[in-house]
Amino acid sequence: KAPLADEAERGTYLGFDTFAYPGDAKMRAWKNAPKAPFKWVGFYLPGAPCHRGKTWDGKRQTLVDMGWGIAVVYVGQQTWGRKPRPLTPAQVARLERTGQACNANLLSAERGTRDGKEAADLTRAQGFPKGTVIFLDIERSENMPQAMRDYYKAWTQAVFADGRFQPGYYVHKHNARMVYDDVRPTFVAHGVQTAPRFWVASARDFSPEKEPEEVGHEFAGAWQGVIDVVREVADVALPIDINVSNWRSPSDVID
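All of these numbers come straight from a predicted model, not from anything done at the bench. (Residues numbered from 1 in each chain as written. Predicted model: local features only at pLDDT ≥ 70, side-chain atom pairs only at ≥ 80, totals over all residues. Heavy atoms only, no water.)

Quick look at helix α6 (residues 173–189) now. If you check α6, its first and last C-alpha atoms are 25 Å apart, about what 17 residues at 1.5 Å a residue would give, namely 24 Å. A maximum bend of about 30° is found in α6 at V183, where proline P185 lies one to four positions downstream. For α6, the full list of buried residues reads N175, A176, V179, Y180, D182, V183, R184, T186 and F187. In the core, the buried residues of α6 are packed alongside β4 (133–138), α5 (146–162), β5 (166–172) and β6 (197–201). (Helix = DSSP H or I, 4+ residues; strand = E, 2+ residues; numbered from the N terminus. Expected span 1.5 Å × (residues − 1). Bend = angle between axes of the 7 residues up to and from the residue. Buried < 20%, exposed > 50% of the residue type's maximum accessible area, 1.4 Å probe, protein only. Contact = heavy atoms within 4.5 Å.)

It is the contact of helix α4 (residues 109–125) with α5, at a shortest axis distance of 7 Å, that shows an interaxial angle of 40°. Between α4 and α5, the crossing angle belongs to the class labelled oblique. Crossing geometry of α4 relative to α5 is assigned as right-handed. Along the contact surface, α4 presents A109, R111, G112, T113, D115, G116, K117, A119 and A120, while α5 presents D150, Y151, A154, W155, A158, V159 and D162. Grouping the amino acids of the contact of α4 with α5 by side-chain chemistry returns eight nonpolar, three polar and five charged. (Axes fitted to C-alpha atoms, helices over the stretch in contact; angles between N-to-C directions. Parallel < 35°, antiparallel > 145°, perpendicular 65-115°, else oblique. Left-handed = near helix turned anticlockwise from the far one by under 90°. Nonpolar A, V, L, I, M, F, W, Y, C, P; charged D, E, K, R; others polar.)

With that settled, consider the side chain of Q126. Following the sequence through the fold, Q126 ends up in the loop between α4 and β4. A distance of 2.7 Å separates polar atoms of two side chains, one belonging to Q126 and the other to D57. Of note is the side chain of Q126, whose polar atom sits 2.7 Å from the backbone nitrogen of G58. Apart from the residues within four sequence positions on either side, Q126 is in contact with F43, L45, P46, W56, D57, G58, K59 and R60. (Polar contact = N/O pair within 3.5 Å; in protein donor to acceptor, adjacent residues only side chain to side chain.)

So, about the packing of aromatic side chains. For any pair of aromatic rings, the description rests on two quantities: the centre-to-centre distance and the angle between the ring planes. This structure, assessed with the given rule, holds 20 aromatic pairs. The aromatic ring of W68 is capped on one face by K31, whose charged end is 5.8 Å from the ring centroid. Sitting over the ring of F128, R60 keeps its end group 5.5 Å from the ring centre. (Phe/Tyr/Trp six-rings, centres within 6.5 Å; stacked < 30°, edge-to-face > 60°. Lys NZ or Arg CZ within 6 Å of the ring centre and 35° of its normal.)

Around the barrel, eight strands lie side by side as β1-β2-β3-β4-β5-β6-β7-β8; this closed barrel has mixed pairing. Within this sheet the neighbouring strands show an average axis-to-axis angle of 35°, counted without direction. Sheet analysis places strand β2 (residues 40–44) next to strand β3 (residues 69–75), joined by five bridges and oriented parallel. Across the sheet, W40 pairs through a bridge with G69, a residue of β3. (Pairing = 2+ DSSP bridges.)

A word on the pairing of strand β7 (residues 220–233). As judged from the four bridges shared by β6 and β7, these two strands associate in the parallel manner. Bridging across to β7, W199 finds its partner in A222. Inspection of the sheet shows β7 paired to strand β8 (residues 236–245) by nine bridges, in the antiparallel sense. Note that in β8 the partner of E232 across the bridge is A237. The antiparallel hairpin formed by β7 and β8 contains two residues in its connecting segment, where A234 sits at a positive phi of about 55°.

Further remarks concern the packing of α5 against α6. For the pair α5 and α6, the least separation of the axes is 10 Å and the interaxial angle reads 30°. Our classification of the angle between α5 and α6 gives roughly parallel. Crossing of α5 over α6 shows right-handed handedness. Residues R149, Y152, K153, T156, Q157 and F160 of α5 touch α6, and the partners they reach there are M178, V179, D182, V183, T186 and F187. Tallied by class, residues from the contact of α5 with α6 come to six nonpolar, three polar and three charged.

Overall, the predicted model of the protein chain reaches an average pLDDT of 92, with 95% of residues at or above 70. Within the model, the stretch residues 1–10 combines pLDDT values under 50 with 24 contacts to residues more than four positions away or in other chains. (pLDDT = per-residue confidence, 0-100.)

This part takes up the environment of T123. Examined against the element boundaries, T123 turns out to sit in helix α4. The class of T123 is buried, set by a relative accessible area of 0%. Apart from residues no more than four positions distant in its own chain, T123 is found in contact with L45, V72, F128, T132, I134 and F165.

Evaluation of the coordinates by the stated rule reveals 11 salt bridges. Salt-bridge contacts for R204 lead to D205; the nearest nitrogen and oxygen are separated by 3.9 Å. Each member of the pair, R204 together with D205, is exposed. Here the salt bridges do not stand alone but share partners, grouping K117, D121, D162 and R164 into one network. (Salt bridge = Lys/Arg side-chain N within 4 Å of Asp/Glu carboxyl O.)

Structure, rendered in structure tokens:
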């Protein structure tokens, strides 16, 4: 366990994410610590296909009242290193009936449309205001299957069509350029001139003192560079991933 220095004064905002909500007391201790290093936290939407846990449910206002910035995360379908295969409607129904909501074989444009609408509904159910950015979690894929590309492009279109929120993306450096090039035209088509919000993961050459674009992509606004470590603030230890961001609250409303 090791304390972490406050790097926010350098113009970047330090944030962390962790799978399960740590609890109100621990979040308050981290926020109120002298020279508290972390300014924002990842908020995992409960009930997403590949994050079924409910620990973050109902915690938005609590976190806002404490002064935390927030990055809303929707963990959609993943490739898990597999090449997705098409399923018949009966096979899809069987997966759903048996509770297998997270499955590489469910990747498709149709599922992306469905999950984009679900992401918007879950975000609204947690009380986030109109315009909030929802970061679609896309885990690293050595070779991005076409089914995944169809999925996240349809997801993007569905979030725009819903009209309440903005799409954003958590993606590994290895895949970030492809995802950016795939989704940018949809933003332009909807009259969004600013670049999509990208939160890029890579452990290579990371430092909390660096700017997010130093991950290797000029469009990166947040950089996740330390994964699965334990850090201690105010004598409270938590298992976390460490990030730097251009935004104090990455999901805040875009004007």
